[in-house]
Amino acid sequence: MNKTAPIIPRYTDAEHAPAWRRALAEAVTRPAELLALLNLPEEPAAESTADAFGLRVPRGFIARMHPGDRRDPLLLQVLPDAIECQAVAGYLADPLGEAAAMAAPGLLHKYRGRALLTLTGACGIHCRYCFRRHYPYAEANPSGQHWDQALAYLAADPSLHEIILSGGDPLSLPDERLAERVAELAAIPHLRRLRIHSRLPVVLPERITDELLDWLTGSRLRPVLVVHANHPREIDADVRDGLRRLGAAGIPVLNQSVLLRGINDAADTLCALSEALFEAGVLPYYLHQLDHVQGAAHFAVDDARARALFKEIRSRLPGYLVPRLVREQAGEPAKTPL
Ligand SMILES: *Cc1c(COP(=O)(O)O)cnc(C)c1O
Ligand code: SF4
């Protein structure tokens, strides 16, 4: 995500835009407004930092924050902080070496049997720790001729069985567009599974529309959805209901989290997150060690603490509620367990 990321297309007639697109368009993008909504004092540094990777947070997500709490774990995930501008050794613009894995513009082939399309640079929320916060979406954009290039690459490699839609957030695209893309992908006979990685079901539960369920369940490709929540308070009643609808439609839903200092680096928090996910019909999948992306060093939890936390949650939860603690390493064909 960067400043050149495509802007979410506007409907000319706002009345006809689905509710979720209106909610997306009404997301808060000015730190001063966010802080005022939470009864917190203005922070000039948040304004200048937001220039490089803008603030974006849906109003429904803000409603889950605690007013007056500057250390609120949901607020810390989105509020730009001057500390992001400090260079830290080992923290890079492309920490996972994705430029080297680009098989066609916007098509990453770095995992065996799976390829990943970054269909859009737009997201419903901007997460300060995002490992793609400096990703070159403008060039790595699989639309127009690039789309044909991506399809040709996928069609030519019969070892590929799964296509992952990632981003950005693929669900920030309209359902009609996604349905078209998926139909073209489903025409490639060796593809079996369609995986969607999205934070929208958590940050904007209105996104779970009937149209979405239609194209996800109507394809020849077996769907699997990986959502992204880091803290139990992200899962309120609306989010739980939306996630349950996905489950009721027969779509397996998994969650990945990032271990974040000051946000979820406590065994109680991680256990409560797993419990809340299961209530919503979602299984915890990954707990990621932070990718060393420029601007996110202040969220890092060292490996020794991560292991100790993991040991603690494993001793407290049933096995199926324990996510895998992993790190992604540039050039490796799969995640590395810690
Ligand atoms: C790890 C990862 C994948 C691949 O996941 P596996 O479940 O290990 O195949 C895809 N997309 C993103 C964003 C990931 O972090
Ligand atoms: S939603 Fe995902 S891709 Fe978008 S900013 Fe957050 S972590 Fe990054």
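Each chain carries its own residue numbering, running from 1 in the written order of its sequence. Each chain gets a letter, beginning with A, and each ligand a number, beginning with 1, in the order they are written. Since the coordinates come from a predicted model, pLDDT governs what is reported: local features require at least 70, and pairs of side-chain atoms require 80 or more to be given and counted, while whole-chain, interface and lining totals use all residues. As a convention, hydrogens and water are excluded, and side-chain values are obtained from all of the structure's heavy atoms.

(A) Molecular detail of the nonpolar core. Grouped together as the largest cluster of nonpolar side chains are 78 residues, with contacts concentrated most on Leu-34, Val-57, Met-65, Leu-165, Leu-185 and Leu-246. When residues are assigned to domains, this core turns out to be shared by domain 1 (16–85) and domain 2 (90–337), each giving three or more. Working definition of a nonpolar core: buried Ala, Val, Leu, Ile, Met, Phe, Trp, Tyr and Cys residues. They are joined through side-chain atoms within 4.5 Å. The rule is simple: take the accessible area with a 1.4 Å probe, protein chains only, and divide by the maximum for that residue type; under 20% is buried, over 50% is exposed, in between is partly exposed. Counting 14 residues, the second-largest nonpolar core is a separate cluster that includes Leu-270, Leu-309, Val-322 and Leu-325. Domain borders in the structure are assigned automatically or taken from a domain database.

(B) Seen up close, the site of ligand 2. Nearness is defined per residue: one heavy atom within 4 Å of the molecule or strand is enough. Every residue close to ligand 2 is listed here: Cys-123, Ile-125, His-126, Cys-127, Cys-130, Gly-168, Arg-199 and His-228. Per-class residue counts for the shell around ligand 2 are four nonpolar, three polar and one charged. Basically, the charged four are Asp, Glu, Lys and Arg, the nonpolar ten are Ala, Val, Leu, Ile, Met, Phe, Trp, Tyr, Cys and Pro, and anything else, Gly included, counts as polar.

(C) Expanded view of the environment of Gly-106. By definition, any uninterrupted DSSP run of H or I lasting at least four residues is a helix, any uninterrupted run of E lasting at least two residues is a strand, and each is numbered from the N terminus. By secondary structure assignment, the location of Gly-106 is in the loop between β1 (102–104) and β2 (107–111). Gly-106 gets classed as buried once you look at its relative accessible area, which sits at 0%. Taking the C-alpha atoms as reference, Gly-106 lies 41 Å from Ser-315; in sequence the two are 209 residues apart. Contact between two residues is taken to exist if any of their heavy atoms lie within 4.5 Å; hydrogens are not considered. When residues no more than four places from it in sequence are discounted, the contact partners of Gly-106 are Leu-116, Leu-117, Thr-118, Ala-140, Asn-141 and Pro-142.

(D) Layout of the domain arrangement of the protein. Parsing the protein into structural domains produces domain 1 (16–85) and domain 2 (90–337). The straight-line distance from the C-alpha centre of domain 1 to that of domain 2 is 22 Å. Counting from both sides, the interface comprises 24 residues of domain 1 and, opposite them, 34 residues of domain 2. The rule for a salt bridge is simple: a side-chain nitrogen of Lys or Arg has to be within 4 Å of a carboxyl oxygen of Asp or Glu. At the boundary of domain 1 and domain 2, one finds four salt bridges. Per-element tally for the side of domain 1 that touches domain 2: the top contributor is helix α1 (residues 19–25), with four residues.

(E) Fine view of the site of ligand 1. The immediate surroundings of ligand 1 are formed by Tyr-111, Arg-114, Leu-116, Ile-164, Arg-195, His-197, Gln-256, Tyr-285, Tyr-286, His-288, Glu-328 and Lys-335. In protein, a polar contact means a hydrogen-donor-capable atom and an acceptor-capable atom, both N or O and within 3.5 Å, with residues adjacent in sequence counting only if both atoms are side-chain atoms; elsewhere, any N or O pair within 3.5 Å suffices. With respect to ligand 1, the side chain of Arg-195 contributes an N or O atom lying 2.8 Å from an oxygen atom. Side-chain polar atom of Tyr-286 to an oxygen atom of ligand 1: 2.6 Å apart, as the coordinates give it. Per-residue and other accessible areas were derived by the Shrake-Rupley procedure at a 1.4 Å probe size, with only the shown protein chains allowed to occlude residues. Coverage of ligand 1 by the protein chains reaches 94% of its 380 Å² of free accessible surface. At three residues, the largest contribution of residues to the shell around ligand 1 is made by strand β8 (residues 283–288). When its residues are assigned to classes, the shell around ligand 1 shows five nonpolar, three polar and four charged.

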